[in-house]
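Each chain, written out:
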Amino acid sequence: MRNQKIIFPFEKNPEFINDLREKVDKYFYQNKKSKFGNSTIVMQSVFMGILYILPYLLMLTGLVTSVSEVVISWVVMGAGMAGLGMVLMHDANHRVFSSNMKVNKWLGKSLYLLGGFPPNWRHQHNTMHHGFTNIEGHDEDIAPVGLLRFSPHRKLYKFHRFQHIYAWFFYGLMTLSWVTVKDFVRITKYKHENVAPFNKKYRRYLFDLIIAKAIYYLAMLVLPILVLPVAWYWVLIGFLLMHYVSGLILTTIFQTAHVVPSSEYPLPAGDGKVENNWAIHQLLTTSDFSPDSRIMSWMIGGLNYQVEHHLFPNISHVHYKKIARLVRETAHEYKLPYHCQGNFFSALKGHWAMLKKLGLQPEIMEKGGTNKLSVETF
């Protein structure tokens, strides 16, 4: 249940995370490194910012004029939009882009440039997704619209048997959902659920949200329609393509880390307790991919190291490759799982298989106790 308080038994098997944190702290101390971002994340952010902003400026200044050039510019902006979100916005809203919290605060507002609303994102992602990964009724990342079924605990419909085919189309609609209705739905939902600070600052947030959306649409849609020497519908098509490319990239990257055959979907008992402590829970519900691909890691802001990110959201992604070895070795030392796919295509294949299996298996619920599940137990 959404309003049920989830309790992780932190006193149960705390040795793993305590030992791992000690090793990670030792790594940073011995190498005299900061846990925050460095020059790498700055270069990543500049690169992604150029991909997102330069095509827009080229269009507005008249250097890009033909229909084909305009459409290509919007597509490139979609890739830059996704990259800026994964690299700069993500670390900044986790408060790890910089050791200066004011810098993190202002860079976190870069989500406005992408059409999103930072307060909503921080609660949905930082609090609910990271706090209660793959727990039904709490992690909104496994609770998309009814056409998609990401959890064995959600109701099964006949059309879900085809979701491994049609899901990829809907992935491209994610950021379009952001900029249209989803942020308004979420802010109202959080208010009704009495989530702080939405319950006390709802009117202020709603006003900020309306202003932010208005400015976004004026800058990204109305102004190009007025300025660009192409028919208005080509601008609209380009705008939609930008969001589709961005949404497809973002959703695919995130879902290949949590909706895969190795993922478990624990249910809390009646008193809200889950079986494992928080750290072990993250190992059971998360998977890495492409650990040896520097290019992949650079382009997607280290989100191929989701296990490390979930265990250490207070560390910038630029350090995940180095600490991944410590996480893997410590997990094996304590005979705990460490899920990792060798490359992105293997991760995609696993996600496809999971979508197919979830589209066929009936709803699974266990009454009166915890439920440790993976698709391999179906």
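Position numbers for residues start from 1 in each chain and track the written sequence from start to end. Local features in a predicted model are, by the rule used here, given only for residues with pLDDT of at least 70; side-chain atom pairs are given and counted only at 80 or more, and totals for whole chains, interfaces and linings are based on all residues. With hydrogens and water set aside, each side-chain value is computed from the structure's full complement of heavy atoms.

Novice: How should the pattern of salt bridges be read in this particular structure?
Specialist: Side-chain pairs of opposite charge can arise where the charged atoms are in close proximity. Salt bridges, as used here, are contacts in which a Lys or Arg side-chain nitrogen is within 4 Å of a carboxyl oxygen on Asp or Glu. According to the stated counting rule, one finds nine salt bridges in the structure shown. For the salt bridge of Asp-19 with Lys-23, the shortest nitrogen-to-oxygen distance reads 3.7 Å. One end of the pair, Asp-19, and the other, Lys-23, are both in helix α1 (residues 15-30), four residues apart, so they sit about a helical turn from each other. In this structure, Lys-213 engages Asp-183 in a salt bridge whose closest nitrogen and oxygen atoms are separated by 2.8 Å. Placement of Lys-213 in helix α8 (residues 202-227) and of Asp-183 in helix α7 (residues 174-192) is noted, with a sequence separation of 30 residues between them. In this pair, the class of Lys-213 matches that of Asp-183, namely buried. One connected set of salt bridges, linked through shared partners, spans Asp-19, Lys-23 and Glu-333. Helix and strand definitions follow DSSP, with helices as H or I runs of at least four residues and strands as E runs of at least two, each counted in order from the N terminus. Exposure categories follow from relative accessible area, calculated using a 1.4 Å probe and restricted to protein chains: below 20% of the type maximum is buried, above 50% is exposed, and the middle band is partly exposed.

Novice: So what exactly am I meant to see when it comes to helix α10 (residues 278-285) here?
Specialist: Residues spaced three or four apart along an α-helix face the same direction, because each turn holds 3.6 residues. Burial within α10 is extensive, with eight of its eight residues counted as buried. Listed in full, the buried residues belonging to α10 are Trp-278, Ala-279, Ile-280, His-281, Gln-282, Leu-283, Leu-284 and Thr-285. Any two residues whose heavy atoms approach within 4.5 Å at even a single point are treated as in contact. Check the buried side of α10 and you find it contacts α1, α5 (118-131), α9 (232-258), α12 (306-311) and α13 (320-333). Where α10 begins, the capping side chain belongs to Asn-277, and its oxygen is found 3.1 Å from the backbone nitrogen of Ala-279. Under the rule applied, a polar contact is a pair of N or O atoms within 3.5 Å (in protein, one hydrogen donor and one hydrogen acceptor; residues adjacent in sequence only if both atoms are side-chain atoms).

Novice: Got a minute to help me understand the side chain of Gln-163 in this structure?
Specialist: Here Gln-163 lies in helix α6 (residues 163-171). With residues up to four places along the chain from it excluded, the contact list for Gln-163 reads Leu-147, Leu-148, Arg-149, Leu-355, Leu-358 and Gly-359.

Novice: Explain unusual backbone geometry here, please?
Specialist: Cis rather than trans, the peptide bond between Ala-196 and Pro-197 has omega equal to 0°. Within the secondary structure layout, Pro-197 lies in the loop between α7 and α8. Even without being a glycine, Asn-134 presents a positive backbone phi close to 60°. Positive phi is not limited to glycine here, since Ser-290 has a value of about 50°. Tracing the sequence through the fold places Ser-290 in the loop between β1 (288-289) and α11 (294-299). In this structure Ser-290 comes out as buried when scored by relative accessible area, which is 4%.

Novice: In this structure, what is going on with the layout of surface pockets? I would like to understand it.
Specialist: A probe as big as a water molecule, rolled over the atoms, marks out the empty space that is left. Lining residues are those with an atom within 4 Å of a point, where the points come from a 1 Å grid over the protein atoms alone and group into cavities, where a 1.4 Å probe fits but cannot get out, or pockets, open sets with protein on both sides within 12 Å along at least five of seven lines. Grid points are joined across faces, edges and corners, and a volume is the space filled by probe spheres set on the points. Space inside the largest pocket adds up to approximately 830 Å³. Taken together, 30 residues line the largest pocket, and the ones lying closest to its centre are Pro-144, Met-174, Ser-177, Lys-182 and Arg-186. Elements that contribute at least two residues to the lining of the largest pocket include exactly α3 (67-93), α5, α6, α7 and α9. Polar here means any residue outside two lists: the nonpolar Ala, Val, Leu, Ile, Met, Phe, Trp, Tyr, Cys and Pro, and the charged Asp, Glu, Lys and Arg; Gly therefore counts as polar. In terms of residue class, the lining of the largest pocket is built from 18 nonpolar, seven polar and five charged. Within this model, the second largest pocket holds a volume of roughly 330 Å³. Forming the boundary of the second largest pocket are Asn-38, Thr-40, Gln-44, Arg-294, Ser-297, Trp-298, Tyr-305, His-317, Val-318, His-319, Lys-321 and Lys-322. Within the residue set of the lining of the second largest pocket, elements represented by two or more residues are α2 (39-60), α11 and α13. If you tally residues by element for the lining of the second largest pocket, the top one is α11, at three residues. Of the residues belonging to the lining of the second largest pocket, the class tally is three nonpolar, six polar and three charged.

Novice: Got a minute to help me understand the side chain of Ser-297 in this structure?
Specialist: Counting through the fold element by element, Ser-297 comes out in helix α11. Aside from chain neighbours lying at most four places away, what touches Ser-297 is Gln-44, Gly-302, Asn-304 and Tyr-305.

Novice: Looking at this structure, I do not really get empty space enclosed by the protein. What am I missing?
Specialist: According to the stated counting rule, one finds one cavity of 30 Å³ or more in the structure shown. Reported here for the largest cavity is a volume of approximately 40 Å³. Lining the largest cavity, in full, are Leu-111, Gly-116, Phe-117, Asn-120, Trp-121, Trp-178, Asp-183 and Arg-186. Looking at the lining of the largest cavity, the elements that each hand over two or more residues are α5 and α7. Among the elements that line the lining of the largest cavity, the one with the most residues is α7, at three residues. Its residues placed into classes, the lining of the largest cavity shows four nonpolar, two polar and two charged.

Novice: Teacher, can you tell me more about a nonpolar patch on the surface here?
Specialist: Every patch collects residues that have over 30% relative accessible area and no salt bridge, joining them within 9 Å if they carry like charges and within 5 Å if they are nonpolar side chains (Val, Leu, Ile, Met, Phe, Trp, Tyr). Here the accessible surface of atoms and residues is derived via Shrake-Rupley with a 1.4 Å probe, and residues count as covered only by protein chains that are part of the display. There is a patch of nonpolar side chains on the surface, built from Val-75, Ile-225, Trp-232, Tyr-233, Leu-236, Ile-237, Leu-240 and Leu-241 and spanning about 650 Å² of accessible area. Sorting elements by how many residues they give to the nonpolar patch places α9 first, with six residues.

Novice: What am I meant to see in the packing of aromatic side chains here?
Specialist: Both the distance between ring centres and the angle between the ring planes are used here to describe each pair of aromatic rings. Aromatic pairing here means that ring centres of Phe, Tyr or Trp (its six-membered ring) are within 6.5 Å. Orientation follows from the plane angle: under 30 degrees is stacked, over 60 is edge-to-face, and everything else is tilted. Taken as a whole, this structure holds 21 aromatic pairs when the rule is applied. With a centroid separation of 5.4 Å and an interplanar angle of 70°, the aromatic rings of Trp-168 and Tyr-171 are classed as edge-to-face. Separated by three residues within a single helix, Trp-168 and Tyr-171 lie in helix α6, roughly one turn from each other. Classification of Tyr-171 as buried rests on a relative accessible area of 1%. Centre to centre, the rings of Phe-169 and Phe-170 are 5.2 Å apart; their planes meet at 75°, and the pair counts as edge-to-face. For Phe-170, a relative accessible area of 27% translates into the label partly exposed. One aromatic cluster is present, built from ring pairs that chain together Tyr-112, Phe-117, Tyr-190, Phe-198 and Tyr-205. Positioned above the aromatic ring of Tyr-202 is the side chain of Lys-191, whose terminal nitrogen or guanidinium carbon lies 5.3 Å from the ring centre. Criterion for a charge above a ring: Arg CZ or Lys NZ at most 6 Å from the ring centre, at most 35 degrees from the ring normal.

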